[in-house]
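Geometric and topological summary
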Amino acid sequence: MIAENRRSSAHIDWPLIIMVAVISLFGVLAVCVATYTPTSTAETLLGHIVESNFTLRQCFFLLLAPVVLLVIMNFPFDLMRRSTELIYYGSTALVFLVAIFNRAEGVKQWLDIIWGFTIQPTEFAKLAMILMLAKTLARSDRPMGTIRDFLHVMALILGPGAIILLSGETGSLLVIIFLAAVMMYFSGVDMRLLLTLAAVAVLMVLALYGFMVAFGIDDYRINRILAFINPELSPQDDAYQMLQSQMAIGSGGLWGIGMFVDGSMSQLNYVPADWTDFIYATIGEAFGFVGCAALLLWYLLIILRMVYLAAFTRDKYGMLIISGVIGMLLFHVFENIGMALGLMPITGIPLPFLSYGGSNMVTNMGGVALVLNVTKNRSLSGTILTPQTRVNPYTFGRRVR
C-alpha cells in the first residue's frame, strides 16, 4: 500500500521528460542528415545544421517545445477541466474555417502564417479530442451505457471527423478514431459494443472503397491503397515513395552507411519527403537495422512509461487523458514506420518528435505536457476509481473483478 501511494503521488516525471528530450534532439540530427545535399561544403555537424534551412527551422521548433511543455504542464488542472468544451469547440471551429477558406487542392488543412511557416489545426484537434472524451467518459462508471450517452460520444468524434475527412486529412481522422477507441476501452466501455463499432467501421470503409472503385472515382487515397496492395503496378506513381523508402532502409544493412555520405539516397533525394513523413527511411539508411531497432525500443520505453503513469493515476479523468496521448503516439509510430516499410498504406502521418514540422512537434509536446500535468496534479482528484474499478498496471481503469 505504501509503495502504491508513492507511485500515485503528485510529481514531475523527469524520466519521461528526459526520454522525450533525447529523441527530439535525435530528430534534429535526422532532419539534418535527410536534407544533406550534393552541393554541401560543410565539414562539421554544426556546419551541416547551419547549412540546412529545414534543420534550422526544426531547431526553432525544438526551442519552442519547452515553452509549450511548461505552459501546458503548469496550466491549472481544474481550469483545464472546466475549459474542455471551449477548447474542443474552438479547435473544431478552426478546423472548419480552414477547410472552408483554404483554396488549396487536395489536403486543405494547412494555414499559412508568416515567413513560409504554416500550422495544421487538425494536429491540435487531436489534443482537444483527448480532453473532451476524457471528461465525457469519466462521468460514469458505465460510459456509453445508454443510447443517449452513446450518441453523444459518437457525435463528439464524428463531428470534427467529418470535417477532417472532407478536408482530405484521412491520416488525422484515423489517429482520432484510434485514440478514441483506446480511451473507450480503458474507460470501461462494454467490449461487445467496442467490437460492434469496429466491425461497423470496417464495413463502412469497405463499402466506401467499393463504391469509389465501382464508379471510377479518381481519388489519391484510393490510389494509395491500390499501390499498397500491388506497388509494382505503379512504381513511378503512387507506390514510388514506398518502394524508394524500402530501398533506402535495405541499403543501410545492419549498421548503416553513416551520416552525410556522398551518393547516398538521402543526399540525392531519391526518397521524397524523407525529412518529414519518410524520415524513418533516412534513419534506416544512415544507422541501419541497429539504429531502427534502437529507435523502436526508445519509443517503447516512452509508451511504457506513460502506461506506468496511467496505471497509478487514481483520477479517472487524468487516467483517460494519459491513455488518449498513448493512443495518439502509438498510432503515429505504428502507421508511419509501417508505411516506410511498405506494411501500411501511405497516409501522410509524421513520426513523433522526429519528422520535420512545427505543428507535429507542438502537438506531441502538448500531449506529453498533458501527461505531466496529470501526474503533477494527482492530488486534485476528480472522479476517483473505486475499489471495483481500481487501477492496476494491466487494465488501467477497466473493471477488476
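Now for a description of the structure that goes with this document. Computed from a predicted structure; not experimentally measured.

Calculation notes
- Residues numbered from 1 in each chain as written.
- Predicted model: local features only at pLDDT ≥ 70, side-chain atom pairs only at ≥ 80, totals over all residues.
- Heavy atoms only, no water.
- Helix = DSSP H or I, 4+ residues; strand = E, 2+ residues; numbered from the N terminus.
- Contact = heavy atoms within 4.5 Å.
- Areas by Shrake-Rupley, 256 points an atom, 1.4 Å probe, with all protein chains shown as cover.
- Core = buried A, V, L, I, M, F, W, Y, C linked by side-chain atoms within 4.5 Å.
- Buried < 20%, exposed > 50% of the residue type's maximum accessible area, 1.4 Å probe, protein only.
- Phe/Tyr/Trp six-rings, centres within 6.5 Å; stacked < 30°, edge-to-face > 60°.
- Expected span 1.5 Å × (residues − 1).
- Axes fitted to C-alpha atoms, helices over the stretch in contact; angles between N-to-C directions.
- Parallel < 35°, antiparallel > 145°, perpendicular 65-115°, else oblique.
- Left-handed = near helix turned anticlockwise from the far one by under 90°.
- Nonpolar A, V, L, I, M, F, W, Y, C, P; charged D, E, K, R; others polar.
- 1 Å grid on protein atoms, 1.4 Å probe; cavity = no way out; pocket = protein on both sides within 12 Å on 5 of 7 lines; lining within 4 Å.
- Points joined across faces, edges and corners; volume = space filled by probe spheres on them.
- Salt bridge = Lys/Arg side-chain N within 4 Å of Asp/Glu carboxyl O.

Examining the overall build of the chain
For the chain, the helix and strand inventory stands at 15 helices and 2 strands. Partitioning the intrachain contacts of the chain with sequence separation of at least 6 by distance along the chain shows that 73% fall at a separation of at least 24. Split by element, the accessible area of the chain, about 19100 Å² in all, is 70% carbon and sulfur.

Side note on the nonpolar core
Residues L16, I157, M184, M306 and I321 are the most contacted members of the largest nonpolar core, which totals 92 residues. For M306, the contacting residues outside a window of four places in its chain are L16, I322, V325, I326, L329, V368 and V371. In this structure, V33, Y36, I49 and A286 belong to the second largest nonpolar core, which totals 6 residues.

Description of the packing of aromatic side chains
Given two aromatic rings, one states the distance between the centres and the angle between the planes to describe the pair. Inspection of every chain in the model, using the stated rule, returns 11 aromatic pairs. Both rings, one in F61 and one in Y356, keep their centres 5.7 Å apart while their planes meet at 50°; by these two values the pair is tilted. With F61 in helix α4 (residues 53–73) and Y356 in the loop between α14 (316–341) and α15 (358–376), the pair connects residues that are 295 residues apart, well separated along the chain. For the pair shown, F61 and Y356 are each scored as buried. An aromatic cluster is present here, built from F54, F60, F61, W275 and Y356 joined pairwise through their rings.

Considerations on helix α8 (residues 147–166)
Note on helix geometry: an α-helix contains 3.6 residues per turn, so any two residues three or four positions apart are oriented the same way. Helix length check: α8 (20 residues) gives 27 Å between terminal C-alpha atoms against 28 Å at 1.5 Å per residue, within 8%. Within α8, the full set of buried residues consists of V153, M154, L156, I157, P160, G161, I163 and I164.

Some remarks on the packing of helix α2 (residues 14–34) against α4
Two measures define how a pair of helices packs: the angle their axes make with one another and the distance between the axes. Packing of α2 against α4 leaves a shortest axis separation of 8 Å and a crossing angle of 165°. Our classification of the angle between α2 and α4 gives roughly antiparallel. Relative to α4, the crossing made by α2 is right-handed. Only F54, T55, Q58, C59 and L62 of α4 make contact with α2, whose side of the interface consists of S24, L25, V28, V31 and C32. Its residues assigned to classes, the contact of α2 with α4 comprises 7 nonpolar, 3 polar and no charged.

Some thoughts on the layout of surface pockets
Considered as a void within the structure, the second largest pocket measures approximately 350 Å³ in volume. Looking at the second largest pocket, it is lined by 17 residues, and the ones nearest its centre are I72, I87, F124, L127 and L131. The set of elements that each furnish at least two residues to the lining of the second largest pocket consists of α4, α6 (84–101), α7 (121–137) and α15. Counting residues per element, the lining of the second largest pocket draws most heavily on α7, at 5 residues. Along the lines of polarity and charge, the residues of the lining of the second largest pocket split into 14 nonpolar, 3 polar and no charged.

Overview of the pattern of salt bridges
Scanning all chains against the criterion turns up 6 salt bridges. Salt-bridge contacts for R305 lead to D13; the nearest nitrogen and oxygen are separated by 2.5 Å. One end of the pair, R305, is in helix α13 (residues 279–311); the other, D13, is in the loop between α1 (2–7) and α2, and 292 residues separate them in sequence. Among the residues examined, R305 registers a relative accessible area of 22% and is labelled partly exposed. With relative accessibility at 0%, the residue D13 sits in the buried group. Residues R139 and E85 are paired through a salt bridge, measuring 3.5 Å at the closest nitrogen-oxygen approach. On the criterion of sequence distance, the pair formed by R139 in the loop between α7 and α8 and E85 in helix α6 is long-range, its members being 54 residues apart. By relative accessible area, which is 52% here, R139 ends up exposed. Via salt bridges that share partners, E85, K135 and R139 belong to a single interconnected network.

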